[in-house]
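Single-letter residue listing:
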There are 2 protein chains.
Amino acid sequence: MGLKLFELCGQDPVRVFSPFCWRSRMALTLKGLPFESVPWRFTETDRLAFAQHDKVPVLVDGDRAVPDSWAIAQYLDATYPGTPSLLHGNPEPYLFVAAWNDTVVQAGISRLIVSDIPPLLGEKELPYFMESREKRFGMPLAEVTADRDVKLPAYRASLQPMRQALKGRDFLGGAAPDYADCIVFGTFMWARVVSPLAVLEADDPIHAWRERMLDLAGGMARNAPCC
Amino acid sequence: MGLKLFELCGQDPVRVFSPFCWRSRMALTLKGLPFESVPWRFTETDRLAFAQHDKVPVLVDGDRAVPDSWAIAQYLDATYPGTPSLLHGNPEPYLFVAAWNDTVVQAGISRLIVSDIPPLLGEKELPYFMESREKRFGMPLAEVTADRDVKLPAYRASLQPMRQALKGRDFLGGAAPDYADCIVFGTFMWARVVSPLAVLEADDPIHAWRERMLDLAGGMARNAPCC
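Since we're looking at a predicted model, the values are computed, not measured.

(A) The overall build of chain A, seen in detail. Assigned secondary structure in chain A consists of 9 helices and 4 strands. Starting at the N terminus and walking to the C terminus, you meet the elements of chain A as β-α-β-β-β-α-α-α-α-α-α-α-α. In terms of overall size, chain A behaves like a compact globule, its C-alpha atoms giving a radius of gyration of 17 Å where 227 residues would be expected to give roughly 17 Å. Along the longest, intermediate and shortest principal axes, the C-alpha atoms of chain A span 50 × 45 × 30 Å. Counting all 227 residues of chain A, 56% fall into the buried class. Put simply, 69% of the contacts in chain A that link residues at least 6 apart link residues at least 24 apart. Across chain A, 24 positive and 28 negative side-chain charges occur, with their mean positions spaced 1 Å apart.

(B) The packing of aromatic side chains, seen in detail. According to the stated counting rule, one finds 17 aromatic pairs over all chains in the structure shown. The interplanar angle of 85° and the centroid separation of 6.1 Å between the aromatic rings of Phe-185 of chain A and Trp-209 of chain A together place this pair among those described as edge-to-face. With Phe-185 of chain A in helix H8 (residues 179-194) and Trp-209 of chain A in helix H9 (residues 205-219), this residue pair connects regions lying 24 residues apart in the sequence. Of the two residues, Phe-185 of chain A and Trp-209 of chain A, neither departs from the other in class, the shared state being buried. With 6.1 Å between their ring centres and 45° between their planes, Trp-70 of chain B and Tyr-179 of chain B make a pair best called tilted. Of this pair, Trp-70 of chain B sits in helix H2 (residues 69-79) while Tyr-179 of chain B sits in helix H8 (residues 179-194), and the two are 109 residues apart along the sequence. Tyr-179 of chain B carries the same exposure label as Trp-70 of chain B, and that label is buried. Put simply, the rings of Phe-17, Phe-42, Tyr-128 and Phe-129 of chain A touch in pairs and so form one group of aromatic residues.

(C) Summary view of the pairing of strand S3 (residues 58-61) of chain A. Residues and elements named next belong to chain A. Side chains Val-58 and Val-60 project from S3 onto one buried face, and the interleaved Leu-59 and Asp-61 project onto a second face that is buried too. Sheet topology note: the strand S1 (residues 3-8)/S3 ladder contains 4 bridges and is antiparallel. Bridge assignment links Leu-5 to a residue of S3, and that residue is Leu-59. Where S3 meets strand S4 (residues 64-67), 4 bridges bridge the pair, whose relative direction is antiparallel. Bridge pairing in S4 places Val-60 opposite Ala-65. Hairpin connection from S3 to S4: 2 residues lie between these consecutive antiparallel strands, with Gly-62 at a positive phi of about 60°.

(D) Representation of the pattern of salt bridges within the structure. Applying the stated criterion across every chain, the model contains 26 salt bridges over all chains. Among the ionic pairs, Glu-92 of chain A bridges to Arg-169 of chain B, the shortest N-O distance being 2.3 Å. One end of the pair, Glu-92 of chain A, is in helix H3 (residues 92-113); the other, Arg-169 of chain B, is in the loop between helix H7 (160-165) and H8, on a second chain. Connected through shared salt-bridge partners, Glu-211, Asp-215 and Arg-222 of chain A make up one network.

(E) Highlighting the sheet that holds strand S4 (residues 64-67) of chain B. Residue and element names in this part refer to chain B. The strand order across the open sheet built from 4 strands is S2-S1-S3-S4, with neighbouring strands paired in mixed fashion. Looking at strand neighbours, the two that pair on one side only are strand S2 (35-40) and S4, the edges of this open sheet. Across this sheet, the average inter-strand angle for adjacent strands is 20°, counted without regard to direction. The strands touched by helix H1 (residues 19-30) within the sheet are strand S1 (3-8), S2 and strand S3 (58-61), with S1 carrying the most contacts at an inclination of about 155°. Those strands touched by H2 are S1, S3 and S4, and its axis lies near 135° from that of S4.

(F) Structural view of the interface of chain A and chain B. Contacts between chain A and chain B engage 23 residues on the former and 23 residues on the latter. Interface area, chain A with chain B, both sides summed: about 1900 Å², of which 74% is carbon and sulfur. Taken together, chain A and chain B are joined by 4 residue pairs in polar contact (both at pLDDT 80 or more). For the side of chain A that touches chain B, the elements supplying multiple residues, two or more each, are H3 and helix H7 (160-165) of chain A. A total of 11 residues in the side of chain A that touches chain B trace back to one element, the largest contributor, which is H3 of chain A. Here the side of chain A that touches chain B is built from residues that sort into 13 nonpolar, 7 polar and 3 charged.

Calculation notes
Residues numbered from 1 in each chain as written. Chains lettered and ligands numbered in written order. Predicted model: local features only at pLDDT ≥ 70, side-chain atom pairs only at ≥ 80, totals over all residues. Heavy atoms only, no water. Helix = DSSP H or I, 4+ residues; strand = E, 2+ residues; numbered from the N terminus. Rg over C-alpha atoms; globule rule 2.2 N^0.38 Å. Buried < 20%, exposed > 50% of the residue type's maximum accessible area, 1.4 Å probe, protein only. Contact = heavy atoms within 4.5 Å. Lys, Arg positive; Asp, Glu negative; His and termini not counted. Charge placed at Lys NZ, Arg CZ, Asp CG, Glu CD. Phe/Tyr/Trp six-rings, centres within 6.5 Å; stacked < 30°, edge-to-face > 60°. Pairing = 2+ DSSP bridges. Salt bridge = Lys/Arg side-chain N within 4 Å of Asp/Glu carboxyl O. Axes fitted to C-alpha atoms, helices over the stretch in contact; angles between N-to-C directions. Buried area = accessible area lost by both parts, 1.4 Å probe. Polar contact = N/O pair within 3.5 Å; in protein donor to acceptor, adjacent residues only side chain to side chain. Nonpolar A, V, L, I, M, F, W, Y, C, P; charged D, E, K, R; others polar.

Structure below.
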């Protein structure tokens, strides 16, 4: 039985836009493991009951269900040792990369693009999304992103650790990408899929890195539906 | 022959204050490797000629000279495999921790404490330090730190990735510290040794982590001369 990955989408079943789903999708891609994408929407918690979970990604591998992108990365390394390693037997420092990504890259980008998401959603999940996100941000989503052009320079400046980390290396993983690259790239794919905003300037070393990530596996990520 | 570590000091030969020297000092400490500290001052480049280098730390292990804290960490893992691992066979993600530390933790803290360093220096190295640092900051050092009380809240906020990374873990290395902890702790030791400024609030999880680091090896770092 092949691998299946439950992934978040809106109306369009092939427009996968969760940053965490993109982490798992890229992890499978780096390992060269083919998988079937199973579209899932915010309100379809019943469809994940088999995994005793209520969020995606969920990986299904035969009779095993593995929820949570971090658990999926560890599961894939443990289960498919003949494939390129994601965490190289030592997950701890990748938790730091995830912490930086979540608090800086992802928290910042959400304030630039969140208002671009509602038009992608179907009428069933739209109320859930609007209510939960407006509660999270404490204001209408259009207000969150209203001054995004003003915020963009400070956001780009906040990515400086990534530029420093890429000095002399093609990927955070070194000569080849690893799970550190999946984590940060997942966030940029989220933005790319849902928003027309040019988050990165063309001469930014992070832009060049993102291009390399987009090119992996015959352009898998580059060919994904985007804005 | 025992290990020797050339470390930066000012007038007081036991007040070691380079963040990079502290990385190596903590790396040796985590490995349980005894070493002799060799005091070195900014202008004593001649004394490092044997290592074909002009900065500290320099590790001397018998007839081997290893300059640069990053090279020292890799050398120690390769040369003393029976000791606790610093990089767990995969240095790449630690370069990200270093990049974050250098661009956020260290760059930020230098603007809070740099003016506390000159009084610690001898008359030989004082002109070198003043000239090179005032050139780097583009202003007198007293001006750099003049508004440090105003800058402190934003600096503390910039450390949020570290708080996130420590959730559910005692150290960045997990249950035990590794080189990720050495990197960030080195910066905080620099501040502790040269400045009376309370960089961290007492209820900050990073403060609790720093206390754990200070306690390691019978309080080696806690017992170091500080302000």
